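Coordinates in review
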Amino acid sequence: MADAGSLRTPIVAVLGHVDHGKTTLLDRVRGSAVQEGEAGAITQHIGATAVPLETISEMSGALVDPTDFDLPGLLFIDTPGHHSFTTLRSRGGALADIAVLVVDVNDGFQPQTEEAIDILRRTGTPFVVAANKVDTTPGWNPQEDAPIQQSYDAQSERARSRLDENLYELIGQLSDAGFSADFYWRVQNFQKNVGVVPLSAMTGEGVPDLLAVLMGLSQRYMKDEMAVDIAGPGRGTVLEVKEERGFGSTLDVVLYDGTVRTGDTVVVGGQDDPIVTEVRALLRPRPNAEMRTEKQFEKVEKLSAAAGVKIAAPDLDRAMAGAPVRVVRGDDEASVIEEVRQELARIEVQTADDGVVVKADTLGSLEAVANALEEAEIPILRAEVGDVAPRDVTVAETANEETHRVILGFNVDVLSAAEEDLEASDVRLFADDVIYQLVDEYEAYVDELERAQQETVLDNIHRPARFRILQDHTFRQNDPAVVGVEVVSGTVENNRNVVKFEDGGAKRVGGLSGIQNQGEDVDEAQAGERVSVAIDGPTVGRGIEEGDELWIDVPEKHAKILEQELSSEIRADELEALNAYLDIRRKREPFWGK
Ligand code: GDP
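To keep things clear, this report deals only with the structure shown in the data block.

Parameters at a glance
- Residues numbered from 1 in each chain as written.
- Predicted model: local features only at pLDDT ≥ 70, side-chain atom pairs only at ≥ 80, totals over all residues.
- Heavy atoms only, no water.
- Near = heavy atom within 4 Å.
- Polar contact = N/O pair within 3.5 Å; in protein donor to acceptor, adjacent residues only side chain to side chain.
- Areas by Shrake-Rupley, 256 points an atom, 1.4 Å probe, with all protein chains shown as cover.
- Helix = DSSP H or I, 4+ residues; strand = E, 2+ residues; numbered from the N terminus.
- Buried < 20%, exposed > 50% of the residue type's maximum accessible area, 1.4 Å probe, protein only.
- Contact = heavy atoms within 4.5 Å.
- Expected span 1.5 Å × (residues − 1).
- Salt bridge = Lys/Arg side-chain N within 4 Å of Asp/Glu carboxyl O.
- Pairing = 2+ DSSP bridges.
- Axes fitted to C-alpha atoms, helices over the stretch in contact; angles between N-to-C directions.
- Right-handed = clockwise from strand over helix to strand, strands pointing away.

Turning next to the site of the ligand. Taken together, 15 residues sit near the ligand, with Asp19, Lys22, Thr23, Thr24 and Asp135 positioned nearest. Note that an oxygen atom of the ligand is positioned 2.5 Å from one of the side-chain N or O atoms of Thr23. Ser200 has a polar side-chain atom sitting 3.1 Å from an oxygen atom of the ligand. About the coverage of the ligand: the protein hides 73% of its 580 Å² of free accessible area. When residues in the shell around the ligand are grouped by element, the largest group, three residues, is from helix H1 (residues 22-35).

Printed below as a string of structure tokens:
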């Protein structure tokens, strides 16, 4: 094992539902750290913030004794949410070593909480739950930046029990999601149980506890993983590809292993082949400048994991967010290229002969969408990183099934040429930046389409009906015969064939050519109604008699569809007519309509 000097910083990601307080929590961690005053309290990286152990120790008061630790601190990814989390992948897993799942104590589990939990489960990422906004508990007496126990002690009995109620509910929801969770101070084994940290990102109370838990967890369970060869060739993941004035296309990279230096040869995953290029400059935000609006960078000669850095180099236009970055040093270039190629291949989505077209903004999100589609059993014809282009419309048009002639776009734009093509084609575009919503919208569309298709089928199908000629209701003998009837079951529709069963066999009587209900022409008559019908063909007294039971005929193919596919779609009396009709038919021909 490497010595303590080469332990790298664990990478922390923050996830959770929108508005549950992810950004506020990150700001609080950074802000409080800066408030501690000293230079070097935090280090701003590209896309990340490093909080050193000393600062964590100062912020968490008695909770963290720095002599218990030899990890250098924590590196927080600045962009919260599962989108950046899935983008930041390494060797097929999550790049973040540990995650904070932020849940609003009043709101509990919400759709994106569930989605975040799924992602954490799938990537096997250890996490703690920040039960946020405890200060919104009615009657709360805020204790700025205090450890949560101290804050609890300062609350009324009533406020405490109100908060506990919410917290127990949250613990229950976590358990429903398959995670046995408890208040963090009761958790003995963080590998088996999820710790819940009540806190307020607004007032800072409980934040010391969160930092202490994150630090403790990393130290206890991740020390081996953190013992990397920091001086070795750098490995990282592209967070974003950005145009930067004076530098051209640059890469925002999170380095999770080794060191990168100016002049290094690097291999980067591209939209076509891996890109081999040379680092012109390594850039970091200039200290003391505004964090988020930072446009001014300072150049550094080298950087070691874990770190966020902007890499300026030629030929980066076609680099992909979420793709691996590898420094070539010592190893031969060809094997590093092969390594990058293989890692990209691993992300390749399972595609089918027929299916939908998927576009996403990063490799990680593409993979996440593909996973969600696989779970929903929606086949994929093609999946790619990038905005929706005319070519995608062409590909989607080739799908066989109508329900597959769609493009599902996650966090992408539509190129204007593609917009025109979409308009001119029958391809539907679904775009969203929440995966489950994207899948839901598509599934709703499929349902609607299938219902419409079924309705058309139902419209064109002849349904059976049983009706009886009433006594003394012959209005005309023939050409056509006009008689009064009562519909026993099913629906009598105009322009259908009429049959009569004799000796078990069906005998065609004639064609129904008119229905009148109380003098008005109608298209159909329902069970229970008395109407007069005109039948072309027979003569009353010969062929048909008053009192006869007649049927609307059903072609064998229609009977089969009705029985096998639509029996749940038709009315109970229609089903009864169908079954009675089939019974009679099958007495003579047992396999009729099967
Ligand atoms: P995000 O979408 O998860 O990043 O949520 P934000 O950090 O933007 O927070 C959403 C809203 O909740 C903002 O108005 C915050 O001020 C508020 N908020 C976040 N944390 C707390 C908290 O601990 N207490 C209170 N009272 N409000 C909070």
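The rest of the description comes next.
The subject of this paragraph is the environment of Ala580. Relative to the helices and strands, Ala580 resides in helix H15 (residues 572-588). Classification of Ala580 as buried rests on a relative accessible area of 15%. Here the alpha-carbon distance between Ala580 and Ser489, two residues 91 residues apart in the chain, equals 9.8 Å. Those residues in contact with Ala580, other than ones at most four positions away along the chain, are Arg466 and Trp551.

Moving on: H15. The terminal C-alpha atoms of H15 lie 25 Å apart, and with 17 residues this matches the ideal 24 Å at 1.5 Å per residue to within 8%. Along H15, the residues that are buried comprise Asp573, Glu574, Ala577, Leu578, Ala580, Tyr581, Leu582, Ile584, Arg585 and Arg586. Buried-residue contacts for H15 involve strand E25 (465-476), strand E26 (481-493), strand E27 (497-502), strand E28 (505-517), strand E34 (549-552) and helix H14 (556-564).

Take the pattern of salt bridges next. On inspection of all chains with the given rule, the structure shows 35 salt bridges. In this structure, Asp145 engages Arg28 in a salt bridge whose closest nitrogen and oxygen atoms are separated by 2.9 Å. Of this pair, Asp145 sits in the loop between strand E8 (127-132) and helix H5 (148-153) while Arg28 sits in helix H1, and the two are 117 residues apart along the sequence. Between Glu244 and Lys310 there is a salt bridge whose closest N-O contact spans 2.7 Å. In this pair, Glu244 is assigned in strand E11 (residues 235-244) and Lys310 in strand E19 (residues 307-312), connecting sequence segments 66 residues apart. Across the pair, Lys310 and Glu244 agree in class, each one buried. Salt bridges sharing common partners tie together Lys359, Arg382, Glu384, Arg391 and Asp392.

What follows deals with the sheet that holds strand E2 (residues 43-44). Read from one edge of the open sheet, eight strands run E2-E3-E4-E1-E7-E8-E10-E9, paired in mixed fashion. Strand pairing shows two members of the sheet lacking a second neighbour, E2 and strand E9 (181-183), which therefore form its edges. Summarising the sheet, E8 and strand E10 (residues 194-198) pair through three bridges and their orientation is parallel. Residue Ala130 lies in a different strand from E10, and its bridge partner there is Val197. Here helix H4 (residues 111-123) sits on the sheet and contacts strand E1 (11-16), strand E7 (98-104) and E8; the angle it forms with E7, its principal contact strand, is near 165°. Lying on the sheet, helix H6 (residues 157-176) is in contact with E7, E8, E9 and E10; it crosses E9 at an angle near 155°.

We now examine unusual backbone geometry. Note the cis peptide between Ala305 and Ala306, where omega equals -10°. Tracing the backbone shows Ala306 in the loop between strand E18 (302-304) and E19. The omega torsion across Asp479 and Pro480 is -15°, close enough to zero to call that bond cis. Within the element layout of this structure, Pro480 appears in the loop between E25 and E26. Positive phi outside glycine occurs at Asp19, with the angle close to 70°.

In this section: the pairing of E7. Most of E7 is tucked away, with seven of its seven residues classed as buried. The alternating pattern of E7 places Ile98, Val100, Val102 and Asp104 and Ala99, Leu101 and Val103 on opposite faces, both of which are buried. Sheet topology places E1 next to E7; five bridges connect them, and they run parallel. Of the residues in E7, the one forming a bridge with Gly16 is Val102. Tracing the backbone out of E7, into H4 and back to the parallel element E8 gives a crossover that is right-handed.

What follows concerns the sheet that holds E19. Here we have eight strands laid out as an open sheet, ordered E15-E14-E20-E11-E12-E19-E16-E17, and antiparallel in their pairing. Since the sheet does not close on itself, it has two edges, and those belong to strand E15 (275-278) and strand E17 (297-300), each with one partner. For this sheet, the mean angle separating the axes of adjacent strands, direction not counted, is 40°. Where strand E14 (residues 265-268) and strand E20 (residues 324-328) come together, four bridges link them in antiparallel fashion. Opposite Thr265, over in E20, you have Val328 as the bridge partner.

Glancing now at helix H10 (residues 363-375). Taking 1.5 Å of rise per residue, the 13 residues of H10 would be expected to cover 18 Å, and the 18 Å separating its terminal C-alpha atoms lies within 8% of that figure. Listed in full, the buried residues belonging to H10 are Leu363, Gly364, Ser365, Leu366, Ala368, Val369, Ala370 and Leu373. After H10 finishes, the residue Glu377 shows a positive phi value of roughly 55°.

Interpretation in functional terms is not warranted from these geometric data alone.
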